[in-house]
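Secondary and tertiary structure notes
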Amino acid sequence: EAVATCLDCRVKFCNLHSNAHRRSKLSKSHRVVTMGKEAALSCSTAMPAQHCSLHPSHTLTSYCLQCQELLCKLCVEKGGHQQHHSSVLSLSEASDQRRSAVKTLIETTARDETALNQALEKVSAAIKSLHTDTERVSHEVV
């Protein structure tokens, strides 16, 4: 649920992302204000369209994977991205692709975490066994 809005970016944020926006070096000076309950919207609600810095009358509609830039229609057609057709995605496609990549990373990290926890348990058991053996040998020597 959106709880704050940035007056400079004109973007609504949930609590987690509003705090991150306030701490970010790039947006630390932005004016982030808390919204009243009546104005709070779901984070999944479409954000207001952002305009192209090169073509201010055009909204950003695409993303170039090769250049890692947001693009408007004119940028795609005449802005040097004509050769990147296979790399230019709609914002929705780029978002879905990024979401899928993040999901894969989370799944991989969870598997790695499980494997690391299992390895840690084995190391802990080996250390405990080593201490037990060390104490037993110390008592035998004395």
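Throughout what follows, the structure given in this document is the object of discussion.

Remarks on the pattern of salt bridges
Opposite charge on two side chains permits pairing when their charged atoms draw close. For the structure shown, the criterion picks out three salt bridges. Note that Arg99 and Asp96 form a salt bridge whose closest N and O atoms lie 3.1 Å from each other. Of this pair, Arg99 and Asp96 both sit in helix H3 (residues 91–141), three residues apart, roughly one helical turn. Linking Asp133 and Arg136 is a salt bridge whose minimum nitrogen-to-oxygen distance equals 3.8 Å. Here Arg136 and Asp133 lie together in helix H3, a separation of three residues that amounts to about one turn. Take Arg136: its relative accessible area is 43%, and that puts it in the partly exposed class. Sharing partners across several salt bridges, the network here consists of Asp133, Arg136 and Glu140.

Topic: the nonpolar core
Soluble, globular proteins show a tendency: their nonpolar side chains are buried together. Counting residues in each nonpolar core, the largest one holds eight residues, listed as Cys52, Leu60, Cys64, Leu71, Cys72, Cys75, Val76 and Val88. Those residues within four positions of Cys72 in sequence are excluded, and the remaining contacts are Cys52, His55, His58, Thr59, Leu60 and Thr61. Listed in part, the five residues of the second largest apolar core include Ala4, Cys6, Val11 and Val32.

What counts as what
- Residues numbered from 1 in each chain as written.
- Predicted model: local features only at pLDDT ≥ 70, side-chain atom pairs only at ≥ 80, totals over all residues.
- Heavy atoms only, no water.
- Salt bridge = Lys/Arg side-chain N within 4 Å of Asp/Glu carboxyl O.
- Helix = DSSP H or I, 4+ residues; strand = E, 2+ residues; numbered from the N terminus.
- Buried < 20%, exposed > 50% of the residue type's maximum accessible area, 1.4 Å probe, protein only.
- Core = buried A, V, L, I, M, F, W, Y, C linked by side-chain atoms within 4.5 Å.
- Contact = heavy atoms within 4.5 Å.

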